[in-house]
Amino acid sequence: MKNIAILGSTGEVGRKTLEVIKSFPDEMSVFALTCKQSTQLLKEQIKEFTPKMVSIACPLKAKEFKHRATVQEIVTHPDVDVVVFAMDGTEAVEVAFLAAGAGKDIALANKEILVCAGEAFMTLCREKEVNLFPVDSEHCAIEECLLGEDLKEVDKIILTASGGPFLKREDYENFSFKEATMHPTYACGNKVAVNCSTMMNKGLEIIEAVHLFGIGREKIDVVIHPQSIVQSMVSFADGSVKAMLARPNIIHSIQYALLGRKRKKGIIPPFHFNDMMKLEFFPKDKVKFRCLALAYAVIEEGGAYPSFLNAANEVLVERFYKGEVSWKGIGETLEELINNNPISKVSSLESVLDADKRARRAARDILPR
């Protein structure tokens, strides 16, 4: 029986993780739950799953609970087997280092950990023999395609992207925040949806893939696939291509991670090729989607550059919501910030957290485009 700690249990990934655990009662159980401030839902989850430990980030909301722990106590508790990082934001980075340092297996749905501190984090995971399971559909698909293969024979890792709501539109300056949040194939939060519209989300996945699979960025490609059926692909030296196909649903990758890369019948309905479907693929456009080009650039620079990019982008997305920055201006302003700010090429935890703070300050202060 695996004891699972879910950091961010009230969010989309956290709720779906609980669905998976519920469907395998003989193999896994909920040991701990955490949330920021959605305490009403958390109380319902506590009643159903009876966790041993609970943590609430918001101090005012935390007063509603008599018995609570810190997230640091949870991820280092000796009875925890797997920590699911379903919480977003850079606050997860330090917590992830604690969990890995304690030798906990990690199911990773948080982008910031690998984007900001991938080199140092992967080094720690190797030292502590931590099993790291990617929960993002794209990275889980790549991992499945690579099983049993020799990395030396990989020609390209190919991430698929829906292209977002603006794939066939060219009126850059007229893209509104509301339009940017209308993801064509996935139900997701506003920040993720905007990042998908600029393809920053795919850019961050490139950075993650470099660290997860130990492969150079020149071997990672992106293709536009509007239907989001092919989750990702890997092409090999002999000209063959492996692809993982599934309906857009993160439950598959959560289940695959929590079962330790084993396949069992769960709650996902079978995939039928009898259903009518059209699969289209288009080349990426790094001119229109400037954020994608910037992601390729910062992974080449390494060090704290990815941390700076991620943090500055988060602030600019907030300013886009407020109408202070245009959709096109997100990428243009990011490029200006990166070019005009000295950034450390050291990838220690301290340097990436410092870059995060400086990037947020610079992105708040820069004149909007």
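Here the structure is shown first, and the text comes after it.
Just so we're clear, the structure is a prediction, and the values are computed from it rather than from any experiment.

**Regarding the sheet that holds strand E11 (residues 282-283)**
Turning to step 1, where the next piece is worked out: Reading across the sheet, the five strands line up as E10-E9-E7-E8-E11 and stay open at both edges, with mixed pairing between neighbours. Strands with a single pairing partner mark the edges of an open sheet, and in this sheet they are strand E10 (241-245) and E11.
Turning to step 2, where the next piece is worked out: Pairing of strand E7 (residues 154-161) with strand E9 (residues 230-236), which is carried by five bridges, proceeds in the antiparallel orientation. Residue pairing across strands places Lys156 opposite Ser235, the latter belonging to E9.
Turning to step 3, where the next piece is worked out: Along the sheet, helix H7 (residues 137-146) contacts E7, E9 and E10; its crossing angle with E9, the most-contacted strand, is approximately 35 degrees.
Turning to step 4, where the next piece is worked out: Each of E7 and strand E8 (220-224) touches helix H10 (residues 200-213); the most contacted strand, E7, lies at about 145 degrees to it.

**Describing the layout of surface pockets**
Turning to step 1, where the next piece is worked out: A volume near 490 Å³ is recorded for the second largest pocket.
Turning to step 2, where the next piece is worked out: Forming the boundary of the second largest pocket are 19 residues, of which His252, Ile268, Pro269, Pro270 and Phe271 lie nearest the centre.
Turning to step 3, where the next piece is worked out: Counting only elements with at least two residues in the lining of the second largest pocket, the list comes to E10 and helix H11 (251-258).
Turning to step 4, where the next piece is worked out: In terms of residues, the lining of the second largest pocket owes the most to one element, H11, which gives three residues.

**Focus: the packing of helix H6 (residues 111-127) against H10**
Turning to step 1, where the next piece is worked out: Close contact between H6 and H10 brings their axes to 9 Å; oriented N to C, the two are set at 20 degrees. In terms of orientation, H6 and H10 fall into the roughly parallel class. Considering how the two elements wind past one another, H6 and H10 form a crossing that is left-handed. Facing H6, whose interface residues are Lys111, Leu114, Val115, Gly118, Glu119 and Met122, H10 presents Asn201, Leu204, Glu205, Ile207, Glu208, His211 and Leu212.
Turning to step 2, where the next piece is worked out: Looking at the contact of H6 with H10, its residues break down into six nonpolar, three polar and four charged.

**Focus: the sheet that holds strand E5 (residues 105-108)**
Turning to step 1, where the next piece is worked out: Ordered in space as E3-E2-E1-E4-E5-E6, the six strands form an open sheet in which the pairing is parallel. Strands at the two margins of the open sheet, each flanked by one partner only, are strand E3 (53-56) and strand E6 (132-134). Going across the sheet, the axis of each strand differs from the next one's by a mean of 20 degrees, ignoring polarity.
Turning to step 2, where the next piece is worked out: Pairing of strand E4 (residues 82-85) with E5, which is carried by four bridges, proceeds in the parallel orientation. Looking at the pairing, Val83 lines up with Ile106 of E5.
Turning to step 3, where the next piece is worked out: Packed on one face of the sheet, helix H2 (residues 39-49) meets strand E2 (28-35) and E3 and runs near 160 degrees to E2.
Turning to step 4, where the next piece is worked out: Across the sheet, H6 is in contact with E4, E5 and E6; its angle to E5 comes to roughly 155 degrees.

**Examining empty space enclosed by the protein**
Turning to step 1, where the next piece is worked out: Inspection of every chain in the model, using the stated rule, returns one cavity of 30 Å³ or more.
Turning to step 2, where the next piece is worked out: The volume enclosed by the largest cavity comes to roughly 60 Å³.
Turning to step 3, where the next piece is worked out: Taken together, Ser137, Cys140, Ala141, Glu144, Gln231, Met244, Ala246, Arg247, Asn249, His252 and Ser253 make up the full set of residues lining the largest cavity.
Turning to step 4, where the next piece is worked out: Those elements that place two or more of their residues in the lining of the largest cavity are H7 and H11.
Turning to step 5, where the next piece is worked out: Per-element tally for the lining of the largest cavity: the top contributor is H7, with four residues.

**Regarding the packing of H6 against helix H13 (residues 305-321)**
The packing of two helices is summarised by the inter-axis angle and the distance between the axes.
Turning to step 1, where the next piece is worked out: Where H6 contacts H13, the axes come no closer than 7 Å and their chain directions differ by 135 degrees. Classified by the angle between their axes, H6 and H13 sit oblique to one another. For the pair H6 and H13, contact is made by Glu112, Val115 and Cys116 and by Pro306, Ser307, Asn310 and Glu314, respectively.
Turning to step 2, where the next piece is worked out: In terms of residue class, the contact of H6 with H13 is built from three nonpolar, two polar and two charged.

**Concerning the pattern of salt bridges**
Turning to step 1, where the next piece is worked out: Within the structure shown, the criterion is met by 28 salt bridges.
Turning to step 2, where the next piece is worked out: For Asp354, the salt bridge is made with Arg358, and the minimal N-O distance between the two is 3.2 Å. Of the two residues, Asp354 and Arg358 both sit in helix H15 (residues 349-365), four residues apart, roughly one turn of that helix.
Turning to step 3, where the next piece is worked out: Note on Asp354: relative accessible area 38%, which makes it partly exposed.
Turning to step 4, where the next piece is worked out: One network of salt bridges, with partners in common, ties together Lys36, Asp88, Glu91, Glu112, Lys191, Glu314, Asp356 and Arg360.

**Structural notes on the environment of Phe31**
Turning to step 1, where the next piece is worked out: Of note, Phe31 is situated in strand E2.
Turning to step 2, where the next piece is worked out: A relative accessible area of 7% means that Phe31 is categorised as buried.
Turning to step 3, where the next piece is worked out: With 217 residues separating them along the chain, Phe31 and Pro248 place their C-alpha atoms 28 Å apart.
Turning to step 4, where the next piece is worked out: Beyond its immediate sequence surroundings of up to four residues, Phe31 is in contact with Asn3, Ile4, Pro51, Lys52, Met53, His77, Asp79 and Val80.

Scoring rules and cut-offs
Residues numbered from 1 in each chain as written. Predicted model: local features only at pLDDT ≥ 70, side-chain atom pairs only at ≥ 80, totals over all residues. Heavy atoms only, no water. Pairing = 2+ DSSP bridges. Helix = DSSP H or I, 4+ residues; strand = E, 2+ residues; numbered from the N terminus. Contact = heavy atoms within 4.5 Å. Axes fitted to C-alpha atoms, helices over the stretch in contact; angles between N-to-C directions. 1 Å grid on protein atoms, 1.4 Å probe; cavity = no way out; pocket = protein on both sides within 12 Å on 5 of 7 lines; lining within 4 Å. Points joined across faces, edges and corners; volume = space filled by probe spheres on them. Parallel < 35°, antiparallel > 145°, perpendicular 65-115°, else oblique. Left-handed = near helix turned anticlockwise from the far one by under 90°. Nonpolar A, V, L, I, M, F, W, Y, C, P; charged D, E, K, R; others polar. Salt bridge = Lys/Arg side-chain N within 4 Å of Asp/Glu carboxyl O. Buried < 20%, exposed > 50% of the residue type's maximum accessible area, 1.4 Å probe, protein only.

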